[in-house]
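Inside the fold
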Amino acid sequence: LGHKRSLFEGGTRSPSMARWPGRVPVRSSDYAWAFWDVLPTFAELAGTDAPEGLDGQSLVPMLMGREQAPPEYLFWTWPGPGRKGAPSGYGVRVGDWKGVVPHCTAALEPSLDDKLQLYDLKRDPFETTDVAAQHQNVVRQLKELVMSKGISCHCYQCPTSLPLAEIVV
C-alpha cells in the first residue's frame, strides 16, 4: 500500500544493496533501517566519529554479517492523504508494528488523541488491515513512545506556501 513518499510501506521501504567483496557477505536481510543511518555508517567505515546529535546509527555490524540490535523505532512525517493544506501526519515503526497517523492535531505534536492506524507488518506486509481496534495497548504504546521523544509532526521536507525567510526566522 502507498506510493513513494507516503507514510505506508510503499513510501518508506526501499530495496538496498551493498557490495564489498571479502568484507560484506552475500546474503539478504530484512533489517529495518533508514537514510539517517547512512552518515554514521560511512563515518565508521572511514574510521572517524559521526557528528554528535544524529538520530542514525552505524549499520556496519549488520553489513558485516554480525548481530545488530534493531533501532528502538523509526519515524517519518509527510502530508496525509487528501485535505490539501491539512496538517502533516506521521508513521512510526517498532519491530513488526507500524502505526500511521494521516493527520496530526493542529498543534503539530503527536498526542493520545491521534487517529492511529495499526498494521502488523509480519502478517500484513501490504498494510491492508488496520488492527488498531484489536491491539489498543500497542496503539497507546506507539503514541506514548512518539510523545516521549518530543518529536514534531511538522514535515520539514514538505512544500510550504511560506516564503523561505519566514521559515528560517
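Numbers given to residues run from 1 along each chain, matching the order in which its sequence is written. Reporting of local features is limited, given that this is a predicted model, to residues whose pLDDT is at least 70; pairs of side-chain atoms are given and counted only at 80 or more, and all residues count toward the totals for whole chains, interfaces and linings. Just so you know, side-chain values use all the structure's heavy atoms and leave hydrogens and water out.

1. Considering helix H4 (residues 136–148)
Between its first and last C-alpha atoms H4 spans 18 Å; for 13 residues at 1.5 Å apiece the expected length is 18 Å, and the two agree. Taken together, the buried residues of H4 touch strand E1 (74–79), strand E2 (88–94), strand E3 (97–101) and strand E4 (117–120). By definition, any uninterrupted DSSP run of H or I lasting at least four residues is a helix, any uninterrupted run of E lasting at least two residues is a strand, and each is numbered from the N terminus. Remark: Gly150 follows H4 within two positions and exhibits a positive phi of approximately 65°. In a helix, the anticipated span is given by 1.5 Å times the number of residues less one. Whether two residues touch is decided by their heavy atoms; if any such pair falls within 4.5 Å, the residues are in contact.

2. What to know about the environment of Asp96
Relative to the assigned elements, Asp96 resides in the loop between E2 and E3. Working definition: with a 1.4 Å probe on protein chains only, accessible area under 20% of the residue-type maximum means buried, over 50% means exposed, and in between means partly exposed. A relative accessible area of 34% means that Asp96 is categorised as partly exposed. Each C-alpha atom, one on Asp96 and one on Leu121, is 5.1 Å from the other, the two residues being 25 residues apart in sequence. Beyond its immediate sequence surroundings of up to four residues, Asp96 is in contact with Tyr119, Asp120, Leu121 and Lys122.

3. Structural notes on helix H2 (residues 38–45)
For H2, the full list of buried residues reads Val38, Pro40, Thr41 and Ala43. In the core, the buried residues of H2 are packed alongside helix H3 (60–63). Gly47 lies just past H2 and shows a positive phi near 80°.

Function cannot be read off these values alone, since they describe shape.
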